[in-house]
Amino acid sequence: MTERVVVVTGASSGIGAALAERAAAAGHAVMLVARTEERLREVAARCGPRAFVHVADVTSRPEVRRAVAAGVAHFGRIDVWVNNVGRGITRPPSQLTDEDIDLMMRVNVLSALYGMQEVLPHFRARGGGQVINVSSMLARVPYAVHRAAYSGAKHFLNALTANFRDELAAEHPGITVSLVSPGLVYTEFGTNAHHGGPPSRSFPQGQDAEQVADVILRVMETRATDVYTRPESHDRVVAYFEGIGQGP
Ligand SMILES: NC(=O)c1ccc[n+]([C@@H]2O[C@H](COP(=O)([O-])OP(=O)(O)OC[C@H]3O[C@@H](n4cnc5c(N)ncnc54)[C@H](OP(=O)(O)O)[C@@H]3O)[C@@H](O)[C@H]2O)c1
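Trainee: Honestly, the overall build of the chain in this entry has me stumped. Any pointers?
Mentor: Helix and strand counts for the chain come out as eight helices and nine strands. When its C-alpha atoms are laid out on the principal axes, the chain stretches across 55 × 40 × 35 Å. Here the chain, with 248 residues, has 50% of them falling under the buried criterion. Excluding contacts between residues fewer than 6 apart, the proportion of contacts in the chain whose partners are at least 24 apart in sequence is 64%. Working note: accessible area of the chain is about 11400 Å², and carbon and sulfur atoms make up 52% of it.

Written out as structure tokens, the structure is:
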């Protein structure tokens with residue numbers, strides 16, 4: 001495997017931490033981005049001496065711009081930018097506030113938009129690069145009532161990802177944009193949700209963060225455009241859409 005410089009946002013826990021560790025173990029140079037320095041340093045220690053920690057709130061465009069600059073200054077280049085930051089919410093549609101929607105949009109959409117836009121000049125200058133956006137099954141199928149605003153934000157992320165890919169395809173074929181959609185994953189996502197919520201592990205049939213990280217590592221190699229982390233997700237999405245538009 002060719003060594004690449006991989007930036008992972010949300011690398012202080014869950015899928016991002018597992019991805020940083022797996023990528024480092026596979027020989028890649030990793031830059032770990034999140035807000036909590038102490039946790040980032042714990043993960044970096046498990047990644048080895050070359051791991052580079054950068055503290056940033058990726059809902060701030062200037063902070064994302066500084067993260068890109070810091071990565072390029074430290075490693076000389078960035079090859080892969082993984083927009084992994086995301087946050088859930090536990091509130092049904094009838095009770096959602098303006099603030100709930102704003103938060104979901106900032107953390108699930110703007111964070112990735114900033115990442116894509118701010119790394120793009122570097123990728124253009126080099127004539128290549130890879131963006132991987134971590135989405136969700138709930139971005140395709142809105143089957144969790146209390147996650148409505150999260151589901152909607154991730155739908156937005158999917159549209160942005162697909163159209164960003166299309167925009168770049170003709171002019172910059174060396175820059176690829178991939179979408180990875182997990183289902184339930186056993187991380188702190190459940191308890192970190194806005195307004196709280198049960199631990200992810202209290203639900204059956206989840207994946208471990210390491211399994212999702214391995215799928216993302218494969219996408220780094222194949223540059224596949226749109227990937228579910230579980231094979232059965234495809235059929236579930238198809239079944240949902242087959243039931244739409246049939247009547248009256
Ligand atoms: N777990 C699931 O069931 C599941 C299912 C489908 C999709 N996903 C998606 O997978 C991705 C990773 O989620 P996870 O399960 O690993 O969740 P997690 O354990 O809660 O991790 C979230 C990570 O994002 C960071 N983060 C949050 N807000 C940030 C901000 N404003 N700026 C910088 N970093 C920020 C957190 O670190 P700090 O708090 O230190 O900043 C943490 O490292 C998300 O996009 C999520 O939507 C998760």
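Trainee: Any chance you could explain the sheet that holds strand S5 (residues 129–134) here in plain terms?
Mentor: What holds strands together in a sheet is hydrogen bonding between their backbones, with the strands either parallel or antiparallel. Spatially, the seven strands line up as an open sheet ordered S3-S2-S1-S4-S5-S6-S9, and their pairing is parallel. With one partner strand each, in any of the chains shown, strand S3 (52–55) and strand S9 (226–228) form the two edges of the open sheet. Looking at each pair of strands side by side, their axes are set apart by 20° on average, direction ignored. As judged from the five bridges shared by strand S1 (residues 5–9) and strand S2 (residues 29–34), these two strands associate in the parallel manner. Note on S2: the bridge partner recorded for Val-5 is Ala-29. Here helix H3 (residues 61–75) sits on the sheet and contacts S1, S2, S3 and strand S4 (80–83); the angle it forms with S3, its principal contact strand, is near 160°. Strand contacts of helix H4 (residues 98–126): S4, S5 and strand S6 (175–181), with the helix running at about 175° to S4, the strand carrying the most contacts.

Trainee: Just checking my understanding: could you explain empty space enclosed by the protein for this structure?
Mentor: Empty space left among the atoms is revealed by rolling a probe the size of a water molecule over them. According to the stated counting rule, one finds two cavities of 30 Å³ or more in the structure shown. In this structure, the largest cavity encloses a volume near 40 Å³. Broken down by class, the residue content of the lining of the largest cavity amounts to five nonpolar, five polar and no charged. Within this model, the second largest cavity holds a volume of roughly 30 Å³. In this structure, the second largest cavity is lined by Asn-83, Asn-84, Val-85, Asn-108, Ser-111, Ala-112, Val-134, Lys-154 and Leu-157. If you list the elements that add at least two residues to the lining of the second largest cavity, you get H4 and helix H5 (148–171). Looking at the lining of the second largest cavity, the element that brings in the most residues is H4, giving three residues. The residue makeup of the lining of the second largest cavity, split by class, is four nonpolar, four polar and one charged.

Trainee: How should the site of the ligand be read in this particular structure?
Mentor: Near the ligand lie 30 residues; those nearest to it are Ser-12, Arg-35, Thr-36, Tyr-150 and Thr-187. The contact in question runs from an oxygen atom of the ligand to an N or O atom on the side chain of Ser-13, over 2.8 Å. Val-58 places a polar main-chain atom, nitrogen or oxygen, 3.0 Å from a nitrogen atom of the ligand. A total of 880 Å² of accessible area belongs to the ligand in isolation, and the protein chains cover 94% of it. Of all elements in the fold, only helix H1 (14–25), H5 and helix H6 (189–192) reach the threshold of two or more residues within the shell around the ligand.

Conventions adopted
- Residues numbered from 1 in each chain as written.
- Predicted model: local features only at pLDDT ≥ 70, side-chain atom pairs only at ≥ 80, totals over all residues.
- Heavy atoms only, no water.
- Helix = DSSP H or I, 4+ residues; strand = E, 2+ residues; numbered from the N terminus.
- Buried < 20%, exposed > 50% of the residue type's maximum accessible area, 1.4 Å probe, protein only.
- Contact = heavy atoms within 4.5 Å.
- Areas by Shrake-Rupley, 256 points an atom, 1.4 Å probe, with all protein chains shown as cover.
- Pairing = 2+ DSSP bridges.
- Axes fitted to C-alpha atoms, helices over the stretch in contact; angles between N-to-C directions.
- 1 Å grid on protein atoms, 1.4 Å probe; cavity = no way out; pocket = protein on both sides within 12 Å on 5 of 7 lines; lining within 4 Å.
- Points joined across faces, edges and corners; volume = space filled by probe spheres on them.
- Nonpolar A, V, L, I, M, F, W, Y, C, P; charged D, E, K, R; others polar.
- Near = heavy atom within 4 Å.
- Polar contact = N/O pair within 3.5 Å; in protein donor to acceptor, adjacent residues only side chain to side chain.

Don't take any of this as a statement about function, it's just geometry.
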